[in-house]
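Inside the fold
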Amino acid sequence: MDLSLPQIWLIVGLIMLIAELVSVLLVFVFFAIGALFTSLLAAIGLLTSTESQIIAFSVISLVSMLVLRKHARRLLDRKGAAEYNEFVGETAMVIKDIPAEGEGKIYYRGAEWKANSVNHTSIAAGSKVVIKQADGILLIVEES
């Protein structure tokens, strides 16, 4: 089975897409764009020689990287994600003293949670607290 150059570029593009899915480096996708566009241009007859295809692949890959990488990074950046605040404003019970500079435990929604004091004051076990912020699995609380 003989493959034509457009078919080879198509295969290279698909391999680059798979490599991007495996690596998530956001680099291979631009080479995939270059290979797929080169395949298309070669298939419609605009690029007939191997040299012109290699040049087109290089230029398209580079231009797509320069133009799209910053935008793609911004889309994938998680810093702009809204803060998780389902717990904020809810009350809970302290079950293990929360020291001024350390972690204690609170009982909230049927489970024990690690907790810190929002203003670095100690809170005794048995006190009721209001959840002010969630930091992963650590809840920041204030005595109510």
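One numbering rule holds for all chains: residues counted from 1, following each sequence as written. Residues qualify for local features only when their pLDDT is at least 70, as the model is predicted, and side-chain atom pairs are given and counted only at 80 or more; totals for whole chains, interfaces and linings, by contrast, use all residues. Side-chain calculation: all heavy atoms of the structure are included, whereas hydrogens and water are not.

Pairing between strands requires that DSSP locate at least two bridges from one strand to the other. Helix and strand labels come from DSSP, where a helix needs a run of H or I of at least four residues and a strand needs a run of E of at least two; each type is numbered from the N terminus. The sheet built from 5 strands closes into a barrel, its strands ordered E1-E2-E3-E5-E4 with mixed pairing. Neighbour to neighbour, the strand axes of the sheet diverge by 55 degrees on average, direction disregarded. To obtain each axis, a line is fitted to C-alpha atoms, and for helices this fit is confined to the stretch in contact; angles are then taken between N-to-C directions over 0 to 180 degrees.

The next thing to look at is the confidence of the model for the chain. Values of pLDDT, ranging from 0 to 100, describe the predictor's confidence in every residue of the model. Residues with a pLDDT of 70 or more make up 94% of the chain, whose mean pLDDT is 89. Within the chain, no element has a lower average pLDDT than strand E4 (residues 128-135), which sits at 90, and none a higher one than helix H2 (residues 28-43), at 96.

Counting 14 residues, the largest nonpolar core has Ile106, Leu139 and Val141 as the members making the most contacts within it. When residues of this core are traced back to their parent elements, those giving at least two are strand E1 (91-96), strand E2 (104-108), strand E3 (111-117), E4 and strand E5 (138-143). Tallying contributions element by element places E4 first for this core, with 3 residues. What Val141 contacts, discounting residues up to four positions off in sequence, is Ile98, Ile106, Ala115, Asn116, Ser117, Val118, Ile123, Val129, Val130, Ile131 and Lys132. Residues grouped as a nonpolar core are buried Ala, Val, Leu, Ile, Met, Phe, Trp, Tyr and Cys residues, joined through side-chain atoms within 4.5 Å. With a 1.4 Å probe rolled over the protein chains alone, any residue whose accessible area is under 20% of its type maximum counts as buried; one over 50% counts as exposed, and the rest are partly exposed. In what follows, residue pairs with any heavy atoms lying within 4.5 Å of each other are defined as contacts.

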